[in-house]
Amino acid sequence: MQIHEETKSKENIEDIIGMTCIYVPVSDVYKAVQWYEANLGCKLRAGDKLEPDMTGAILRFPDRNGKPHGPTGPVPAIFLLESRPEGGRLGFTGNDGKRKAVGCFITPRIQDLFNRFKENGVNIEGDIRITCGPNLQFYDPDGNMWEVWQP
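Just so it is clear, the structure is predicted and the values come from calculations on it, not from any experiment. (Residues numbered from 1 in each chain as written. Predicted model: local features only at pLDDT ≥ 70, side-chain atom pairs only at ≥ 80, totals over all residues. Heavy atoms only, no water.)

A. Just the confidence of the model for the protein chain, in detail. Taken as a whole, the protein chain shows an average pLDDT of 87; of its residues, 87% reach a score of 70 or greater. Mean pLDDT across the secondary structure elements of the protein chain bottoms out at helix α1 (residues 6-11), with 57, and peaks at helix α2 (residues 29-40), with 97. (pLDDT = per-residue confidence, 0-100. Helix = DSSP H or I, 4+ residues; strand = E, 2+ residues; numbered from the N terminus.)

Listed below in structure tokens is the structure:
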């Protein structure tokens, strides 16, 4: 059923209250899980096993106590899904001709994250820059572009 009345969306202003997951295309889920764990601190969903032939994985960000945020928590899960290169990768080119990230993570320690990225050989787009606060753009091994921001 399709609703054509513009007023319907105004009546249901709180229908969307968050985001539960982000689907990320990768060429090798096994290697991608290891990269996201090492560089972003994600954890494989409880009960799942890291296996070389896996075609999908669900990663969560742990809270201060090391427990993963739930499916309706403040941080969406990352679903790594095996995909072909012709399916594309996350990111786009803006009108200025520069590559843009499609997702931005929040960190209270951007300098520490920057240092970890450097040590781990992460492909970083320049240095930490100050726009709306310190931020940094980077790529995962499949060329998905992300950003991290410190409020």
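B. Inspection of the packing of aromatic side chains at higher detail. Enumeration according to the criterion identifies six aromatic pairs in this entry. Ring centres 4.9 Å apart and planes at 75 degrees place the aromatic pair Trp 35 and Tyr 36 in the edge-to-face group. By relative accessible area, Trp 35 is classed as buried at 13%. Overall, the relative accessible area of 0% leaves Tyr 36 in the buried class. (Phe/Tyr/Trp six-rings, centres within 6.5 Å; stacked < 30°, edge-to-face > 60°. Buried < 20%, exposed > 50% of the residue type's maximum accessible area, 1.4 Å probe, protein only.)

C. Representation of the environment of Leu 44 in the model. Along the chain, the position of Leu 44 falls in strand β2 (residues 43-44). With 13 residues separating them along the chain, Leu 44 and Ala 57 place their C-alpha atoms 7.2 Å apart.

D. Inspection of the sheet that holds strand β4 (residues 77-82) at higher detail. With mixed pairing, four strands are arranged side by side in an open sheet as β1-β4-β3-β2. Looking at strand neighbours, the two that pair on one side only are β1 (21-26) and β2, the edges of this open sheet. When β1 meets β4, the two strands line up parallel, connected through six bridges. Among the inter-strand pairings, Pro 25 is bridged to a residue of β4, identified as Leu 81. (Pairing = 2+ DSSP bridges.)

E. Looking closely at the sheet that holds strand β7 (residues 104-106). Taken in spatial order, the four strands make up an open sheet running β7-β10-β9-β8, and their pairing is mixed. With one partner strand each, in any of the chains shown, β7 and β8 (123-130) form the two edges of the open sheet. For this sheet the average axis-to-axis angle between neighbouring strands, irrespective of direction, equals 20 degrees. Summarising the sheet, strand β9 (residues 134-139) and strand β10 (residues 145-149) pair through five bridges and their orientation is antiparallel. When the bridges of β10 are listed, Asn 135 appears paired with Trp 149. Each of β8, β9 and β10 is contacted by helix α3 (residues 110-120), which is oriented at about 160 degrees to β8, the strand it contacts most. (Axes fitted to C-alpha atoms, helices over the stretch in contact; angles between N-to-C directions. Contact = heavy atoms within 4.5 Å.)

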